[in-house]
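A closer look at the structure
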Amino acid sequence: MTITILSKGKQISRESIQRLDLLLLALETIDLNGAESLHSLSVKLNLKEVLPNKVTIWKLRNNNPMRNSFNNINIKLEEFEALIKLAAEMAKFLYPYIRQILQSRDDLIRNPNAWNEFKKRYIELINERFNTNSMKVKRLLDPNCNDEVFNKILLTLALCVSDDGFLKLRTNLLNY
């Protein structure tokens, strides 16, 4: 396990970075203009100093070891927290869609469309951006177990909707 060591002894595990990137990818799955939306939101949240452009966001997300373009650079705590803020705020904005997908998952007989469309697009993005030779990625793509993982990702995003969603997500990711 690789750990990025930060000032004041705080550490961000590769698993935490990986989980955050999967959350952001789920948000991109729901919002078809995800990359642009993330950048626009970073400007609205005054994160321009930490996340000045889409390329910076992309480079930080490439710290996910499952990515095709994996970059093993030291991510700073402020950069990681900025990405968490983006995920939490975007989840608030997309919550009606997240809720609809989760409801569809619970009622696959009467209303499978939202869940099936989300799952199809999420798998497409994983195939496009991740190293499909990796065992972790193969598990994500395995139809026998990915429903549970995708459901957990959406539930995590749904929990970000509260006023302290950023803090909940930050605690969850940093304590992983």
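What you are looking at is a predicted structure, and each value in this text was computed from that prediction instead of being measured.

Concerning empty space enclosed by the protein
Under the criterion given, the structure shown has one cavity of 30 Å³ or more. Here the largest cavity defines a volume of roughly 40 Å³. Around the largest cavity, the lining residues are Ile-17, Leu-20, Asp-21, Leu-24, Leu-60, Arg-61, Ile-75, Phe-80 and Leu-83. Put simply, the parts of the chain that give the lining of the largest cavity at least two residues each are α1 (14–30), α3 (54–61) and α4 (77–106).

As for the packing of α4 against helix α8 (residues 165–174)
For the pair α4 and α8, the least separation of the axes is 9 Å and the interaxial angle reads 130°. One element, α4, and the other, α8, form an angle in the oblique class. In the packing of α4 onto α8, the handedness of the crossing is right-handed. Where α4 approaches α8, its residues Leu-77, Phe-80, Glu-81, Ile-84, Lys-85, Ala-87 and Ala-88 are matched on the opposing element by Gly-165, Phe-166, Leu-169, Arg-170, Leu-173 and Leu-174.

The rules behind each value
Just so you know, the residues in each chain are numbered from 1, in the order the chain's sequence is written. Local features in this predicted model are restricted to residues whose pLDDT is 70 or higher, and side-chain atom pairs enter the listing and the counts only when it is 80 or higher, whereas totals over whole chains, interfaces and linings include all residues. Computation of side-chain values: all heavy atoms of the structure, hydrogens and water removed. Buriedness of a pocket was judged along seven lines, with at least five required to meet protein on both sides within 12 Å; pockets are open sets of points on a 1 Å grid over the protein atoms alone, cavities are sets where a 1.4 Å probe fits but cannot get out, and lining residues have an atom within 4 Å of a point. Grid points are joined across faces, edges and corners, and a volume is the space filled by probe spheres set on the points. Helix and strand assignments come from DSSP, with helices taken as H or I runs of at least 4 residues and strands as E runs of at least 2, each series counted from the N terminus. Note on definitions: angles span 0 to 180 degrees between N-to-C directions of axes, and those axes are lines fitted to C-alpha atoms, for helices only across the stretch in contact. Roughly parallel here means an angle under 35 degrees, roughly antiparallel means over 145, roughly perpendicular means 65 to 115, and every remaining angle is called oblique. Each crossing gets its handedness from the near helix: less than a right angle anticlockwise from the far helix is left-handed, clockwise is right-handed. In what follows, residue pairs with any heavy atoms lying within 4.5 Å of each other are defined as contacts.

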